[in-house]
Amino acid sequence: MNIVLGVGGGIAAYKSALLLRLFTEAGHAVTVIPTDASTKFVGVATWEALSGRPVTNNVFDSVDQVNHVRIGHEADLIVVAPATADLLAKAAGGHANDLLTTTLLMARGPVLFAPAMHTEMWQHASTVANVALLRSRGVHVLDPAVGRLTGPDTGPGRLPEPEAIFAAAMALVDGSCAVTHDAGSPAPAATPASAVPAASGPLAGKRVLITAGGTREPLDPVRYLGNKSSGKQGVALAEAALAAGAAVTLIHAPMEVPAPAGATIQRIETALELRAATLAAAATADVVIMAAAVADFRPSTISTGKIKKRDDTADPVIALVRNPDILVEVVAHRAARNQVQLIVGFAAETGDDRADARSYAREKLVRKGCDLLVVNEVGPGESGSERVFGQDNNQVEILALDGAGPVQAAGSKREVADAVVLLLAQRLAAR
Ligand code: CTP
């Protein structure tokens, strides 16, 4: 996806460097357009190095390429962060006196503003009117977060965290939700509408993030390294959590089954894309369930052309590099934020002559540090056919890090999902 990241002249401009990283790590091409004032805070060199693209705010650079027309037309999404009071006023008034404002006028895709300014400026009648006008035209303006501002002052006006802006931006292009705001009082952070929890059920009021499917690691434009995951257990979990009243975000790699209606859906392909999307969404989740089958390794290089079979050359050797362990990172982020969150891992295990599947699973639970590990033994069953992958039924044992007795569940993947959801609801209620 082509994203334009507009950067306004506020101290929070430095946070947009992290936002840019989230976009690029999720595989998007980002053109950064900083306003002249913003370059007093973060220089053009930083944006060029992080985006890997030339950066300017001058409409008179590369005039032959008619940049404002080209960039505006090619943009699938424009995100302005931080959006200053001045930029909001210019956008509302239709000004076009630099590359960012002209690009905003050319844009036909979704536009998201993430404001940051002092509380008095945010609450000034001019800004309130400008924001209302932009929103009435379908432009998405996040409410700023509440908290410490540049000086000793605190209040509404902080730039929402990069992860929250990223999640709101992805939700916009996903088409699965609109960004909402409370017209009266500014919300503490960006919140996609469909992530607002439902009213009743054992998980009512809870935000549940589920990953599902099997990642694909590209080798060349037509080939990838993949795995056998069908996504059925992850989708069943999403359906069970929805039925229990939770607001569900499903981040999924390719699956054999459709994603359920009613969840906020984000589709990814690779482990690195899954990582960026998951870490961003986990920032606001009460429960994270990592049901995705993540490739542990990816090809160290992706061939830009199709790898050819030539009779006169030796068989190709594919060099692999290790992918990050997303579950371990989710656990680490929770600790760093001091966040109250339940984290569930999945493990498909086989035993061998050294130890049985359950022993390997216990060791994995401790290594990953998640609260619960849903374990199933994979491989051929008694009849010789595959026990889990692609099947409609499942048989699991749920191990707990705190040593609570293992819970067994068996039946359809939905019945297993209901058992996991029940356990989660009990644990959340006991907190
Ligand atoms: N997982 C992850 N990131 C990875 C690999 C796995 O987040 N790079 C998560 C999976 O989503 C799952 C759990 O970790 O919830 C266990 O996955 P598994 O593949 O069994 O773990 P590995 O660490 O890859 O262990 P193994 O060496 O047995 O493959």
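Bear in mind that the values here come from a model prediction, so they are computed numbers and not experimental data. (Residues numbered from 1 in each chain as written. Predicted model: local features only at pLDDT ≥ 70, side-chain atom pairs only at ≥ 80, totals over all residues. Heavy atoms only, no water.)

## Structural notes on the nonpolar core
Generally speaking, soluble globular proteins have nonpolar side chains that are buried together.
Part 1 of the argument: Core analysis: the biggest nonpolar cluster contains 37 residues, and L203, I210 and I289 have the highest contact counts within it.
Part 2 of the argument: Ranked by residue count, the leading element in this core is helix α13 (residues 413-429), at eight residues.
Part 3 of the argument: What I210 contacts, discounting residues up to four positions off in sequence, is G234, L237, A238, A241, V248, T249, L250, I251 and I289.
Part 4 of the argument: In terms of nonpolar packing, the next biggest core, distinct from the first, is built from 32 residues, A13, W47, V55 and A169 among them. (Core = buried A, V, L, I, M, F, W, Y, C linked by side-chain atoms within 4.5 Å. Buried < 20%, exposed > 50% of the residue type's maximum accessible area, 1.4 Å probe, protein only. Helix = DSSP H or I, 4+ residues; strand = E, 2+ residues; numbered from the N terminus. Contact = heavy atoms within 4.5 Å.)

## Concerning the pattern of salt bridges
Opposite charge on two side chains permits them to pair, given that their charged atoms come into close proximity.
Part 1 of the argument: This structure, assessed with the given rule, holds 15 salt bridges.
Part 2 of the argument: The closest approach of N and O atoms between D86 and K90, which form a salt bridge, is 3.1 Å. A residue pair is termed a helical-turn pair when its members lie 3 or 4 positions apart in one helix, as D86 and K90 do in helix α4 (residues 85-93) at four residues. (Salt bridge = Lys/Arg side-chain N within 4 Å of Asp/Glu carboxyl O.)

## Overview of the site of the ligand
Part 1 of the argument: Around the ligand lies a shell of 14 residues, among which M290, A292, L327, K364 and K368 are the nearest.
Part 2 of the argument: With respect to the ligand, the backbone of M290 contributes an N or O atom lying 2.7 Å from an oxygen atom.
Part 3 of the argument: Alone, the ligand offers 570 Å² of accessible surface; in the complex the protein occludes 78% of this.
Part 4 of the argument: Using a 2 Å cut-off from the grid points, one finds that the ligand occupies the largest pocket.
Part 5 of the argument: Mapped by element, the contributors of at least two residues to the shell around the ligand are α11 (326-337), β16 (342-349) and α12 (357-368).
Part 6 of the argument: Of the residues in the shell around the ligand, the class split is eight nonpolar, one polar and five charged. (Near = heavy atom within 4 Å. Polar contact = N/O pair within 3.5 Å; in protein donor to acceptor, adjacent residues only side chain to side chain. Areas by Shrake-Rupley, 256 points an atom, 1.4 Å probe, with all protein chains shown as cover. 1 Å grid on protein atoms, 1.4 Å probe; cavity = no way out; pocket = protein on both sides within 12 Å on 5 of 7 lines; lining within 4 Å. Sits in = over half its atoms within 2 Å of the grid points. Nonpolar A, V, L, I, M, F, W, Y, C, P; charged D, E, K, R; others polar.)

## Examining the side chain of T102
Part 1 of the argument: Along the polypeptide, T102 turns up in helix α5 (residues 99-106).
Part 2 of the argument: Under the relative-accessibility criterion, T102 is labelled buried at 11%.
Part 3 of the argument: Engagement of the side chain of T102 in a polar contact is seen with the backbone oxygen of L99, the distance being 3.0 Å.

## Brief notes about the pairing of strand β19 (residues 407-412)
Part 1 of the argument: Direction of pairing for strand β18 (residues 393-400) relative to β19: antiparallel, over a ladder of six bridges. When the bridges of β19 are listed, Q395 appears paired with A410. (Pairing = 2+ DSSP bridges.)

## Some points on a positive patch on the surface
Part 1 of the argument: Taken together, K306, K308, K309 and R310 make up a surface patch of like positive charges.
Part 2 of the argument: Relative accessible area serves as the criterion here: at 51%, R310 is assigned to the exposed category. (Patch = residues over 30% accessible without salt bridge, like charges linked within 9 Å, V, L, I, M, F, W, Y side chains within 5 Å. Lys, Arg positive; Asp, Glu negative; His and termini not counted. Charge placed at Lys NZ, Arg CZ, Asp CG, Glu CD.)

## Some points on the packing of aromatic side chains
Part 1 of the argument: Inspection of the entire model under this criterion finds one aromatic pair.
Part 2 of the argument: Taking the centre distance of 5.6 Å and the plane angle of 45° together, the rings of F23 and F166 count as tilted. Taken as a pair, F23 in helix α1 (residues 13-25) and F166 in helix α8 (residues 162-174) lie far apart in primary sequence, 143 residues in all. Both residues of the pair, F23 and F166, count as buried. (Phe/Tyr/Trp six-rings, centres within 6.5 Å; stacked < 30°, edge-to-face > 60°.)

## Examining the layout of surface pockets
Part 1 of the argument: Within this model, the largest pocket holds a volume of roughly 970 Å³.
Part 2 of the argument: What lines the largest pocket is a set of 36 residues, and nearest its centre among them are A292, A293, V294, F346 and A348.
Part 3 of the argument: Where the lining of the largest pocket is concerned, the elements lending two or more residues are α9 (232-243), α11, β16, α12 and β17 (372-377).
Part 4 of the argument: Examining the composition of the lining of the largest pocket, we find that four residues originate from one element, β16, more than from any other.
Part 5 of the argument: Taken together, the residues of the lining of the largest pocket sort by class into 16 nonpolar, eleven polar and nine charged. (Points joined across faces, edges and corners; volume = space filled by probe spheres on them.)

## Some details on α12
Since there are 3.6 residues in each turn of an α-helix, residues three or four apart along the chain are aligned in direction.
Part 1 of the argument: The end-to-end C-alpha distance of α12, which contains twelve residues, comes to 16 Å, matching closely the 16 Å that a straight helix rising 1.5 Å per residue would cover.
Part 2 of the argument: All buried positions along α12 are accounted for by A357, Y360, A361, K364, L365 and K368. The arc that holds every buried residue of α12, seen down its axis, measures 140°, which confines them to one face.
Part 3 of the argument: Along its buried surface, α12 packs onto α11, β16, β17 and β18. (Expected span 1.5 Å × (residues − 1). Arc of directions from axis to C-beta.)

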